[in-house]
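Now for the letters of each chain:
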Amino acid sequence: MAIEISENKICQSIKQMQSKISIDAKPIKVENLHFTLQFLGEISEELSQRVILALQNIEFSSFSINMKGLGVFPKSKSPRIIWVGTDDNGGRDLTNLAEKVQNALKPLGLYADKPFKPHLTIFRIKNKGKDVKKEVEKEAKAEFGRLYVDRIKLKKSKLLPNGPIYSDLMEVKAKN
């Protein structure tokens with residue numbers, strides 16, 4: 001389940017940041033930017049249909065997120081991902097929504113592989129040991145705009161040599 005970044009202002013701000021930072025990393029294409037609420041990996045068509053039925057019962061209210069700051073996973077000495085963060089309220093709302101998704105999928109035997117941390121991946125770093133600390137710290141307080149969240153989507157990804165292609169399998173809209 002994912003939340004797409006559809007606000008053009010946010011996408012352009014992130015694209016500008018990606019071109020500004022001087023690091024050896026692969027930027028995520030702006031059309032592929034999304035918050036992952038729960039990653040399911042490869043699942044069968046039968047399980048996919050059961051997931052769709054389970055997710056249709058999720059109820060949530062729309063909310064806004066201020067997109068701000070940069071950070072890295074797993075740690076600054078050996079980063080694999082550079083991400084954009086959120087404000088506290090938006091992060092809390094995202095975490096609550098991720099919990100609803102996780103609770104809906106648990107009866108199907110699908111569990112999150114790690115605790116949810118609100119973040120938007122903007123770079124993937126292939127070569128371990130790259131020091132990106134200075135570049136990330138320079139932009140630690142960057143602001144990218146406000147995202148209005150009123151829907152979540154179950155997405156399917158097809159991995160290709162030049163990056164993934166995503167397609168939507170279903171959508172759940174906020175109740176307000």
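Quick note: structure is the one above.
Reading the values: rules and limits
- Residues numbered from 1 in each chain as written.
- Predicted model: local features only at pLDDT ≥ 70, side-chain atom pairs only at ≥ 80, totals over all residues.
- Heavy atoms only, no water.
- Helix = DSSP H or I, 4+ residues; strand = E, 2+ residues; numbered from the N terminus.
- Core = buried A, V, L, I, M, F, W, Y, C linked by side-chain atoms within 4.5 Å.
- Buried < 20%, exposed > 50% of the residue type's maximum accessible area, 1.4 Å probe, protein only.
- Contact = heavy atoms within 4.5 Å.
- Salt bridge = Lys/Arg side-chain N within 4 Å of Asp/Glu carboxyl O.

Colleague: Explain unusual backbone geometry here, please?
Modeller: Backbone geometry follows two general trends: most residues other than glycine have a negative phi, and most peptide bonds adopt the trans configuration. Residue Pro-74 is bonded to the preceding Phe-73 through a cis peptide linkage, with omega at -5°. Summarising the element assignment, Pro-74 is placed in the loop between strand E4 (63–73) and strand E5 (81–86).

Colleague: Can you help me understand the nonpolar core in this one?
Modeller: The tendency in soluble globular proteins is for nonpolar side chains to be buried side by side. With 52 residues, the main nonpolar core has Leu-55 and Met-67 as its most contacted residues. The element that contributes the greatest number of residues to this core is helix H3 (residues 88–105), accounting for 6 residues. Those residues in contact with Leu-55, other than ones at most four positions away along the chain, are Met-1, Val-101, Ala-104, Leu-105, Leu-154, Met-170 and Val-172.

Colleague: In this structure, what is going on with the pattern of salt bridges? I would like to understand it.
Modeller: Charged atoms that come close allow side chains of opposite charge to pair. This model, assessed by the stated rule, comprises 9 salt bridges. Salt-bridge contacts for Glu-4 lead to Lys-155; the nearest nitrogen and oxygen are separated by 2.6 Å. Within this pair, whereas Glu-4 is found in strand E1 (residues 2–4), its partner Lys-155 is found in strand E8 (residues 151–160), the two being separated by 151 residues in sequence. The class for Glu-4 is partly exposed, based on a relative accessible area of 29%.

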